[in-house]
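Secondary and tertiary structure notes
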Amino acid sequence: LPGAPLVTTVFDRYSNLGMDVLFLYMSIPEFLWSAKKGQHPGIRGQRPDRFPPNDIGRFETHLRKVGWLIAQHPHVRYFEFWNEPEIGFYYGTKEQYAPMAKAAFRALRATAPEVLITNGGATMRHPIRKPGFNEMVFTELHPYYDICAHHGHGTPDHYEQVHEDTKAWIRKSGRNPDDVRI
């Protein structure tokens, strides 16, 4: 796995401090790029590692290797699949994101079952968010994460609004927000 020695060094340093670690995954390795700079109409200088993978099966195999690496470090307690995927950190659509999130869940459950998985931390009310993206994550993908993660950028009042939005979508999925880790 490329980068494994460096990641292990970082994990070990945090472990030596007695800290729990959240592993944030948000960059597709080059062998899985579906887009290359200058070859995709949507790129315009964007990072090709932020597009969906070219092969979801190979992507899941790659994530199993990531999960295996994480499992070697018991202080890695959380795995977040993408950061704020509904804004500029992920260039694909919600329809392309769903199979990726499902693959991440299957891979981590198979290789690092003790790690708690969060959905990609959502900004919720950001002005450039993709329409319907967060609602799809919170209502349709809920079986594929353990913790419902959102980011409240701004004031405590804004954060409270974001938290209420999250709970409303959890209810829409047929779940009780009191039974969901947020």
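For the protein, the helix and strand inventory stands at 5 helices and 3 strands. The globule rule puts the C-alpha radius of gyration for 182 residues at 16 Å, and the 17 Å found for the protein is close to it. Overall, the C-alpha framework of the protein stretches about 45 × 40 × 30 Å when taken along its three principal axes. Considering only intrachain contacts with a sequence separation of at least 6, the fraction spanning at least 24 residues in the protein is 72%. Taking the 22 positively charged and 20 negatively charged side chains of the protein as two groups, their mean positions are separated by 6 Å.

With 40 residues, the main nonpolar core has Tyr25, Phe59, Ile70, Phe79, Phe81, Trp82 and Tyr97 as its most contacted residues. Residue assignment for this core shows that the elements contributing at least two residues are β1 (21-25), α2 (56-71), β2 (76-81), α3 (94-111), α4 (133-140) and α5 (156-172). With 9 residues, the top contributor of residues to this core is α3. Apart from residues lying up to four places away in sequence, Phe59 is in contact with Tyr25, Ile28, Leu32, Pro53, Phe81, Met100 and Ala103.

Even without a glycine there, the phi angle at Glu84 is positive, about 45 degrees. Its place among the elements puts Glu84 in the loop between β2 and α3. Under the relative-accessibility criterion, Glu84 is labelled buried at 7%. In this structure, Met124 takes a positive phi of about 75 degrees despite not being glycine. You can see Met124 is positioned in the loop between β3 (116-118) and α4.

Moving on: the confidence of the model for the protein. Predicted confidence across the protein gives a mean pLDDT of 89, with 94% of residues reaching 70 or more. Per-element averaging of pLDDT across the protein places helix α1 (residues 4-16) at the bottom with 88 and α3 at the top with 97.

A word on the packing of aromatic side chains. Counted by the stated rule, this structure contains 16 aromatic pairs. Relative to Phe79, the ring of Phe23 lies with its centre 5.8 Å away and its plane at 5 degrees, an arrangement referred to as stacked. You can see Phe23 sitting in strand β1 and its partner Phe79 sitting in strand β2, a full 56 residues away along the chain. Each of the two residues, Phe23 as well as Phe79, counts as buried. Pairing Phe138 with Trp169 gives two aromatic rings, centres 5.8 Å apart and planes at 20 degrees, and the pair type is stacked.

This paragraph deals with the environment of Ala168. Here Ala168 lies in helix α5. The partly exposed category is assigned to Ala168, whose relative accessible area is 38%. C-alpha separation for the pair Ala168 and Val180, spaced 12 residues apart in sequence, amounts to 12 Å.

Attention now moves to the sheet that holds β3. Ordered by their spatial adjacency, 3 strands build an open sheet running β1-β2-β3, and the pairing between neighbours is parallel. Edge positions in the sheet fall to β1 and β3, since each of these pairs with one other strand and no more. Direction aside, the axes of adjacent strands within the sheet are offset by 25 degrees on average. Where β1 lies against β2, 5 bridges are found, and the strand directions are parallel. What sits directly across from Tyr25, in β2, is Phe81. Against the sheet, α3 contacts β2 and β3, and its axis sits at roughly 165 degrees relative to β2.

Rules used in this analysis
- Positions within a chain are numbered from 1, following the residues in the order the chain's sequence is written.
- The predicted nature of this model means local features are confined to residues of pLDDT at least 70 and side-chain atom pairs, given and counted, to a pLDDT of 80 or more, with totals for whole chains, interfaces and linings taken over all residues.
- Hydrogens and water molecules were not included; the side-chain quantities draw on all heavy atoms of the structure.
- Counting from the N terminus, the helices are the DSSP runs of H or I reaching at least four residues and the strands are the DSSP runs of E reaching at least two.
- Here the globule rule reads 2.2 Å times residues to the power 0.38, and the radius of gyration is calculated from C-alpha atoms.
- Throughout, a residue-residue contact means that at least one pair of heavy atoms, one from each residue, lies within 4.5 Å.
- Residues scored as positive are Lys and Arg, those scored as negative are Asp and Glu, and His as well as the terminal groups of each chain are ignored.
- For this purpose, a charge sits on NZ of Lys, CZ of Arg, CG of Asp or CD of Glu.
- To define a nonpolar core, start from buried Ala, Val, Leu, Ile, Met, Phe, Trp, Tyr and Cys residues and group those joined through side-chain atoms within 4.5 Å.
- Three exposure classes are used, based on accessible area relative to the maximum for each residue type with a 1.4 Å probe and protein chains only: buried under 20%, partly exposed in between, and exposed over 50%.
- pLDDT measures how confident the predictor is about each residue, on a scale from 0 to 100.
- Here a Phe, Tyr or Trp ring, Trp counted by its six-membered ring, pairs with any other such ring whose centre lies within 6.5 Å, and the pair is stacked when the planes are under 30 degrees apart, edge-to-face when over 60, and tilted otherwise.
- Two strands pair if DSSP finds at least two bridges between them.
- Angles here are taken between N-to-C directions and fall from 0 to 180 degrees, while the axes themselves are lines fitted to C-alpha atoms, restricted in helices to the stretch in contact.

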